[in-house]
Structure formats: structure tokens, C-alpha cells
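Reading the structure
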Amino acid sequence: MHASFQSTAPESGQRIPVVVHAPDPISREGTISQLRQHPVVDLVDKVDAQGHGVAVLLAESLDPTVLAWLRRLVRNEGLHTVLVVSLLREAELLDVFECGVGAIVWRHEATAQRLFRAVLAAHRGEGDLPSDLLGRLISQVGTLRTSAVGTSGVQPSGLTPRETDVLRLVAEGLGTGEIAGKLSYSERTVKNIMQGLTTRLALRNRTHAVAYALREGYIS
């Protein structure tokens, strides 16, 4: 079971440029072979159009080199990024989310369909996380927040009650349509709320927004 924020196929005729990075050629070719099964994926060696392409990065764990690579892909090249990884420690979760990664896949679960779902979610600026990671994120942020109580006297600020309601449901793994139904909003309203808060607070995607809301104590 995965915590997956809504991801649907792109509009008819639209293809998603995807570049695959891996530490060895065998892993890279295996991933390319899996993604090639989906006709909407356009596998390329380099994505020229910033903000429209997806990078799939394979790694065993999150060492400083991999983290720097993630930051370059997201911040410098403007790519939506899927991290396919074997191991993530609790202390590394916020680093991953705050550098802009919204979709994570465990390597042992990286089937063709699982990778494709993550690519679609990343392309749409949404999130796709293993459910156990979401629980670990909540635990990690709760620990950080508890240790910081009383250190600054600064109260959380930045989210409206409506934004908090939406993010709470995002954190539960609901998609845009499901959130709209629960809150009696239109899907466009939900999308506008998410776009407004991510833009205003300089957050990179839904997963980063959830991490922010958890860290600041809006949701738990």
C-alpha cells in the first residue's frame, strides 16, 4: 500500500520527456526498458525544456553526492524528480523533501507500473510516496518540533485554515478529486489552493508542502 497523491495520464498526445540517471549502466538500461513500455514516456538523454521534464535518479542510499545531484536536477535544471532508492534514514527525509523531490520509489518495488505512476505524479507536481515513508516523516518532524519547543517563541505562521484542511487530506494520500469531494470544493479550487500556497511559501510541490505543514505544527 502506498501513500499516493492523485496522478492521471497526461492530455491526449502529450508525451513526458524522461531522463534516467543511475550509478551503473545495467541499472539504467533496466529502468529505461521498464519505462519504455509506456507510450506517453519520451525517453531522452537530456531534457532541454526546464520545468516540463522528469528525471528518474537511482541510488542505493542518500549520500552527499546523491543529495547534491538531486538539488542540481531540481533547482538548477528545473526537473521534476523521482528518487528510486534502497535505503532512506529518518534524518535524511526532510533533506530529500525540502530539496524538491516529490516522488520516491523503493528499488525493490520499482516495477514498470510503479515507476510510471511515480513519473506521472512528478510530472504533475504532485506526490507519490511509499506509505511507510509518510509515517516516518510524521515521526521525524514531530521529534524535531518537540525538541524545538520553547527555543524561539515564534508561532507557526503562513497557512490559512483552508490551506491546512487541504494539506491534511493530501498527507492522508487523497487525490485532488477526493479532497474536493470531502471539502465540498471544486477540483479547480483545490488546485488553486495548492498552487497559491506553494507559490507564496516557495514550496516546490505537494510533498514539500506537507513536510512544511508537519514541521510547523499545522498537521500531525
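For the structure, check the block above.
Residues numbered from 1 in each chain as written. Predicted model: local features only at pLDDT ≥ 70, side-chain atom pairs only at ≥ 80, totals over all residues. Heavy atoms only, no water.

1. What about the overall build of the chain?
Within the chain one finds 9 helices and 7 strands. The proportion of buried residues among the 220 residues of the chain is 48%. Within the chain, residue pairs in contact and separated by at least 24 positions form 72% of the contacts whose partners lie at least 6 positions apart. Summed over its atoms, the accessible surface of the chain is roughly 10,500 Å², and 50% of this surface lies on carbon and sulfur atoms. (Helix = DSSP H or I, 4+ residues; strand = E, 2+ residues; numbered from the N terminus. Buried < 20%, exposed > 50% of the residue type's maximum accessible area, 1.4 Å probe, protein only. Contact = heavy atoms within 4.5 Å. Areas by Shrake-Rupley, 256 points an atom, 1.4 Å probe, with all protein chains shown as cover.)

2. Thoughts on the environment of Thr160
Its place among the elements puts Thr160 in the loop between helix 5 (131-148) and helix 6 (161-171). Residue classification places Thr160 among the partly exposed residues on the basis of a relative accessible area of 35%. When the C-alpha atoms of Thr160 and Tyr218 are compared, they prove to be 9.7 Å apart, with 58 residues separating the residues in sequence.

3. As for the pairing of strand 2 (residues 16-21)
Most of strand 2 is tucked away: 6 of the 6 residues are buried. Along strand 2, one buried face is formed by Ile16, Val18 and Val20 and the opposite face, lined by Pro17, Val19 and His21, is buried too. A crossover connection joins strand 2 to the parallel strand 3 (residues 41-43) through helix 1 (residues 25-35); in handedness this β-α-β unit is right-handed. Pairing geometry for strand 2 and strand 4 (residues 54-59), over 4 bridges, is parallel. Its bridge partner lying in strand 4, His21 is registered against Leu57. (Right-handed = clockwise from strand over helix to strand, strands pointing away. Pairing = 2+ DSSP bridges.)

4. Comments concerning the nonpolar core
Residues Leu70, Leu83, Leu88, Val96 and Ile104 are the most contacted members of the largest nonpolar core, which totals 25 residues. Of all the secondary-structure elements, those providing two or more residues to this core are strand 4, helix 2 (64-76), strand 5 (80-85), helix 3 (90-98) and strand 6 (103-106). (Core = buried A, V, L, I, M, F, W, Y, C linked by side-chain atoms within 4.5 Å.)

5. Concerning unusual backbone geometry
Unlike most non-glycine residues, Ser184 shows phi in positive territory, near 60°. Examined against the element boundaries, Ser184 turns out to sit in the loop between helix 7 (176-183) and helix 8 (187-200).

6. A look at helix 9 (residues 206-215)
Counting buried positions along helix 9 gives 9 out of 10 residues, so the element sits mostly inside the fold. Arg206, Thr207, His208, Ala209, Val210, Ala211, Tyr212, Ala213 and Leu214 are the residues of helix 9 that are buried. Two residues or fewer past helix 9, Gly217 is found with a positive phi of approximately 90°.

7. A look at helix 4 (residues 112-123)
The terminal C-alpha atoms of helix 4 lie 16 Å apart, and with 12 residues this matches the ideal 16 Å at 1.5 Å per residue to within 8%. Across the 12 residues of helix 4, 10 count as buried, placing the element largely inside the fold. Taken together, the buried positions of helix 4 are occupied by Ala112, Arg114, Leu115, Phe116, Ala118, Val119, Leu120, Ala121, Ala122 and His123. Where helix 4 ends, the next residue or the one after it, Gly125, has phi of about 75°, a positive value. (Expected span 1.5 Å × (residues − 1).)

8. Observations concerning the packing of helix 6 against helix 9
Where helix 6 contacts helix 9, the axes come no closer than 10 Å and their chain directions differ by 110°. As the angle between them shows, helix 6 and helix 9 are arranged roughly perpendicular. Crossing of helix 6 against helix 9: the hand is left-handed. Residues Leu167, Val170 and Ala171 of helix 6 touch helix 9, and the partners they reach there are Arg206, Ala209, Val210 and Ala213. (Axes fitted to C-alpha atoms, helices over the stretch in contact; angles between N-to-C directions. Parallel < 35°, antiparallel > 145°, perpendicular 65-115°, else oblique. Left-handed = near helix turned anticlockwise from the far one by under 90°.)

9. Thoughts on the side chain of Arg206
If you trace the backbone, Arg206 turns up in helix 9. You can call Arg206 buried: its relative accessible area is 5%. A polar side-chain atom of Arg206 sits 2.8 Å from a polar atom in the side chain of Thr176. (Polar contact = N/O pair within 3.5 Å; in protein donor to acceptor, adjacent residues only side chain to side chain.)

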